[in-house]
Amino acid sequence: PERTARPREDDLIVTGQSGTFSADLPHPRAHCQAKPFQVTRERVGVEGGHGNEAFCDNCFCFVCDTRASECQGWLHVGHCHANESDPFWKALRQFTRTDMLSNSPLLQALGCDEQVQTEAHTSCVNGLLAFHCYRSGDLGQGGVYTHSFQHVTDAASASMKAIIGHLSDPRGPRTTLAVLDGITSAVVVNTWRPGASQDPKKHKWGAGTYNSYAAIIEQLEKYWVLAIVRTSTRSVPPPALAVMAQRLRTLSDFARKELSAGRTQPIAHVPLTHAISACERGWKHPVMVAILEGQCTDLSQREAQTLQRARLHLLEHAQRWKEAYHYAIFHGRVAKSLAYIVRAGRHADVLPMVLRQSALAAGAKCLTVCTELVAVKQADTAIRLGMYCAFGNYEGEQSDEQLSQSRMPYIQWLVQHVVSTLEPSELQARNSYDSVPGGVEVARRDAEEWALRVFSDFSGSLLQPLTEAPLGSAYSAGTFRVERVAALCAVAT
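So, here's what we can say about the structure. Values in this document were obtained by computation on a predicted structure and should not be read as measured data.

1. Considerations on the overall build of the protein chain
Next, step 1: Looking only at helices and strands, the protein chain has 22 helices and five strands in total.
Next, step 2: Counting over 493 residues, the protein chain shows a buried share of 43%.
Next, step 3: The contacts in the protein chain between residues at least 6 apart in sequence include a share of 67% that link residues at least 24 apart.
Next, step 4: For the protein chain, the exposed area adds up to about 25500 Å²; of that, 52% sits on carbon and sulfur atoms.

Following this line, the structure appears as C-alpha cells:
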C-alpha cells in the first residue's frame, strides 16, 4: 500500500438510515446503544468482562477501524475502552491508521525485536498525544482554552532523555535509532500552527511556538547524527543505513514543509540533511578513510559542524588521537588539532605548527595545549609555547588592546606554572622585602642576559629546549624559570 502521513479515508459513506442507527449500522464501540459504554481511564480490558469489553455485531474498534470481533488489541491493549473524547485514543488511532507511523521501514531494516519496537511505538504515540493535547487545549476560567506547546516540549524531552540513556549503552544502537524514528515521525507529521478556524476569544495560543517546534527538530537532528556516527557496520549493516537515509529524506520533507509554512524567506537549513549525510558517508566511506589518514586535500568534502562535533566526540572517546588530528586539521580546527597532537605523542610538532600559523596564539587558543603538555610531562615545551604566545611577534591585524587581551592569559599561565615549581623556601626568599638573596640576584642577571640574547630571534630560539641553570650555580632551575619569565616581561615592554 502507498505510504502516507495522513490516515486512510473511511470506506463507508452513509447516505441514509432506518431503524436505530447504532444497532443497524457499523458504529464505534463508544456509540453502541445495545451495549452501554462507560468512559474510563483504563487501558486494559478484562477477559470475559461485560462492560466495555462486550460488543454487538456492528461494533467497530475506534483505534483499528475494524470489527470489534477482529480487533487484535481489544483486551490486552484496551481498545475496547477507546473513544474520541480521550486524546490518548485519538493519538493511538492516528498512529495505527497512518502507515508512515505504524509501519516504519527503518524498524524492519534494523531488525528490531518486539521490545525495541514497542519502545519506538510508545515514543511515537506519546508525541502524537502531546500534539492532540496542544490542539485540544486546557479549559480555563471563562471557558477559554489555553493551547500550550509545553505538552509537545515535555514529550520530546522525555524521548531525548531515553535516547541519551541508550547512547551511553554499547548495546543500544538499534534502540536509539528506533526511538529517534518514533518521536521524530510524531513531530514532523504534526503542525505547530494555531487552529485558524477557532474563535480567538475562546482559544489562547502560546507565543514562540514556531521557535519551540524548530528547536525540537534541530535537537533531534543532533541526536540522529550522534547516533548514526556511533553505529558500526556490525550493529547497523550498510543496507539498513540506505533504508535509514531514505527514511530521513521522507521525514526531512515533512519537516521542511512545516518549517517553511507562512515564511517569505527560505529556511536557512533543510532539517535532517546532516543526518542523511552521516548515513551516506560512514566510517568506511572512501572519502572518510582518506580524511582520517590525512590523505584528502579536497576541502569541498568538509562536513557540517554538527557532523564534525559528533565525529570528534567519538574519536576522542575512542582515543583515536591520530585520526582525530587528521580530521580536525582537515576541517580547519587547527587549535583543537594541537591538543590531539599532544595526546598522540607528537609533542615536538606543536610549537613549529604554532609558529607557522601564528594566529593560533591569539584568543588563548593554546592555553589548553600548554596544560596538556604539562600533564604529559612536557613542561619545557609547554613553557616555550606559552612564552611565544605571551611575547612572540604575531601582531598581524590586531589592535593594541586585542593584542594585550591575547597575551595576558598566557602571561598569567606562565607565572602561575613557573611559580608552582618553586620550593616554599625559594618562594619566600624571592618575595622577601628586606633583602634579595645573592642566588636570586645572580639568577635575575643571567635571565636578563638570556632574554636580551634570544629576543632578537625569539621564534627561532624557542625551537630549542630551554637551557637549565648552569652547573654549580647558586640558584635552582625553578628560580631560573621564574626569572626568565620576569625578564621577558621587562624586555617585551
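2. Re empty space enclosed by the protein
Next, step 1: Applying the stated criterion to the full structure yields one cavity of 30 Å³ or more.
Next, step 2: Considered as a void within the structure, the largest cavity measures approximately 40 Å³ in volume.
Next, step 3: Together, Phe95, Leu101, Ser104, Leu107, Ala120, His121, Cys124, Asp181, Gly182, Ser185 and Arg247 line the largest cavity.
Next, step 4: Listed by contribution, the elements that provide at least two residues to the lining of the largest cavity are helix 5 (114-136) and helix 7 (173-188).
Next, step 5: Here the lining of the largest cavity is built from residues that sort into five nonpolar, four polar and two charged.

3. With respect to the packing of aromatic side chains
Next, step 1: In the structure shown here, the tally under the stated rule is eleven aromatic pairs.
Next, step 2: Considering the side-chain rings of Trp321 and Tyr340, the 6.1 Å spacing of their centres and the 25° angle between planes classify their relative orientation as stacked. Of this pair, Trp321 sits in helix 13 (residues 321-330) while Tyr340 sits in helix 14 (residues 334-343), and the two are 19 residues apart along the sequence.
Next, step 3: Taking relative accessible area as the criterion, Trp321 reaches 18% and is therefore assigned buried.
Next, step 4: Ring centres 5.3 Å apart and planes at 45° place the aromatic pair Phe455 and Phe458 in the tilted group.
Next, step 5: Judged by its relative accessible area of 7%, Phe458 falls in the buried class.
Next, step 6: Three or more aromatic residues joined by ring pairs make a cluster, and in this case those are Phe131, Tyr134, Phe149, Trp205 and Tyr213.
Next, step 7: Over the aromatic face of Tyr325 sits the side chain of Arg346, whose NZ or CZ is 5.0 Å from the ring centroid.

4. Concerning the environment of Glu468
Next, step 1: Mapped onto the elements of the fold, Glu468 is located in the loop between helix 21 (458-462) and helix 22 (477-492).
Next, step 2: Along the primary structure Glu468 and His79 are separated by 389 residues, whereas in three dimensions their C-alpha atoms are 83 Å apart.

5. Section: the side chain of Thr176
Next, step 1: Within the secondary structure, Thr176 sits in helix 7.
Next, step 2: Since its relative accessible area comes to 2%, Thr176 is described here as buried.
Next, step 3: Apart from the residues lying within four places of it in its own chain, the contact partners of Thr176 are Ile163, His166, Leu167 and Ala227.

6. A word on unusual backbone geometry
Next, step 1: Its identity as a non-glycine residue notwithstanding, Asp65 has a phi of 60°, on the positive side.
Next, step 2: Here Asp65 falls in the partly exposed class, since its relative accessible area comes to 33%.
Next, step 3: One non-glycine residue with positive phi stands out, namely Gln319, at about 55°.
Next, step 4: Here Gln319 shows up in the loop between helix 12 (305-317) and helix 13.
Next, step 5: You can call Gln319 exposed: its relative accessible area is 56%.

7. Brief notes about the environment of Glu119
Next, step 1: Looking at the secondary structure, you find Glu119 in helix 5.
Next, step 2: For Glu119, a relative accessible area of 28% corresponds to the partly exposed category.
Next, step 3: Along the backbone, Glu119 and Ser159 are 40 residues apart, and their C-alpha atoms lie at a distance of 9.8 Å.
Next, step 4: If we ignore the near neighbours within four places in the chain, the residues touching Glu119 are Ala162, His166, Thr175 and Val179.

8. Regarding the sheet that holds strand 5 (residues 203-205)
Next, step 1: With mixed pairing, three strands are arranged side by side in an open sheet as 3-4-5. In the strand order of this sheet, the two ends are held by strand 3 (138-139) and strand 5, each with one partner.
Next, step 2: As judged from the two bridges shared by strand 3 and strand 4 (residues 145-147), these two strands associate in the antiparallel manner. Looking at strand 4, one finds that Asp138 is bridged to Thr146.
Next, step 3: Each of strand 3, strand 4 and strand 5 is contacted by helix 5, which is oriented at about 140° to strand 4, the strand it contacts most.

9. Concerning the side chain of Ser252
Next, step 1: Inspection of the secondary structure assignment puts Ser252 in helix 9 (residues 238-260).
Next, step 2: What makes Ser252 buried here is its relative accessible area of 6%.
Next, step 3: Among residues more than four places away in sequence, those in contact with Ser252 are Val270, Pro271, Leu272, Thr273 and Ile276.

10. Things to note about the packing of helix 17 (residues 379-391) against helix 18 (residues 400-420)
Next, step 1: One can describe the packing of helix 17 onto helix 18 by two numbers: an axis separation of 8 Å at closest approach and a directional angle of 145°. Seen along the crossing, helix 17 lies across helix 18 with a hand that is left-handed. On the side of helix 17, the interface is formed by Ala379, Ala382, Ile383, Gly386, Met387, Cys389, Ala390 and Phe391, while helix 18 contributes Arg407, Tyr410, Ile411, Trp413, Leu414, His417 and Val418.
Next, step 2: For the contact of helix 17 with helix 18, the per-class residue count stands at twelve nonpolar, two polar and one charged.

11. Re helix 9
Side chains that are three or four residues apart share a direction in an α-helix, a result of its 3.6 residues per turn.
Next, step 1: For helix 9, which comprises 23 residues, the first-to-last C-alpha distance of 32 Å matches the rise-based estimate of 33 Å (1.5 Å per residue) to within 8%.
Next, step 2: Restricting attention to buried positions, one finds in helix 9 the residues Ala240, Leu241, Met244, Ala245, Arg247, Leu248, Leu251, Ser252, Ala255, Glu258 and Leu259.
Next, step 3: Lining the buried residues of helix 9 we find helix 3 (99-102), helix 4 (105-110), helix 7, helix 8 (209-230) and helix 10 (273-280).
Next, step 4: Residue Gly262 follows helix 9 closely and has a positive phi angle near 80°.

12. Structural notes on the pattern of salt bridges
Next, step 1: Evaluation of the coordinates by the stated rule reveals 17 salt bridges.
Next, step 2: Between Glu316 and Lys336 there is a salt bridge, with the nearest N and O atoms lying 3.6 Å from each other. Residue Glu316 is found in helix 12, and its partner Lys336 is found in helix 14; the two are separated by 20 residues along the sequence.
Next, step 3: Here the salt bridges share partners, and the residues they tie into one network are Arg41, Arg43 and Asp86.

Scoring rules and cut-offs
- All residue numbers refer to position in the chain's written sequence, counted from 1.
- With the structure being a predicted model, the display of local features is reserved for residues of pLDDT at least 70 and the display and counting of side-chain atom pairs for 80 or more, all residues being used for whole-chain, interface and lining totals.
- As a rule here, side-chain values come from all non-hydrogen atoms in the structure, and water together with hydrogens is ignored.
- The helix and strand labels rest on DSSP assignments: H or I over at least four residues marks a helix, E over at least two residues marks a strand, and numbering proceeds from the N terminus.
- Remark: exposure states derive from per-residue accessible area (1.4 Å probe, protein chains only) relative to the maximum for the residue type, with buried under 20%, exposed over 50%, and partly exposed in between.
- Residues count as neighbours in contact if any of their non-hydrogen atoms are within 4.5 Å of one another.
- Using a 1.4 Å probe, the Shrake-Rupley method yields the accessible areas, and only the shown protein chains count as cover for residues.
- Here a cavity means grid points, on a 1 Å grid over the protein atoms only, where a 1.4 Å probe fits yet cannot get out; a pocket means an open set of points with protein on both sides within 12 Å along at least five of seven lines; lining residues are those with an atom within 4 Å of a point.
- Grid points are joined across faces, edges and corners, and a volume is the space filled by probe spheres set on the points.
- Residue polarity is assigned by list, with Asp, Glu, Lys and Arg as charged and Ala, Val, Leu, Ile, Met, Phe, Trp, Tyr, Cys and Pro as nonpolar; anything else, Gly included, falls into the polar class.
- Two rings from Phe, Tyr or Trp (for Trp, the six-membered ring) form a pair when their centres are within 6.5 Å of each other. A pair whose planes differ by under 30 degrees is stacked, one over 60 is edge-to-face, and the rest are tilted.
- Note on criteria: charge over ring means Lys NZ or Arg CZ within 6 Å of the ring centre, with the direction from the centre no more than 35 degrees off the ring normal.
- Any two strands with at least two DSSP bridges between them are considered paired.
- Note on geometry: axes are C-alpha line fits, over the in-contact stretch for helices, and angles between N-to-C directions span 0 to 180 degrees.
- What makes a crossing left-handed is the near helix being turned counterclockwise from the far one by less than a right angle; a clockwise turn instead makes it right-handed.
- Helix span, expected: 1.5 Å multiplied by one less than the number of residues in the helix.
- Whenever Lys or Arg places a side-chain nitrogen within 4 Å of a carboxyl oxygen from Asp or Glu, that contact is recorded as a salt bridge.

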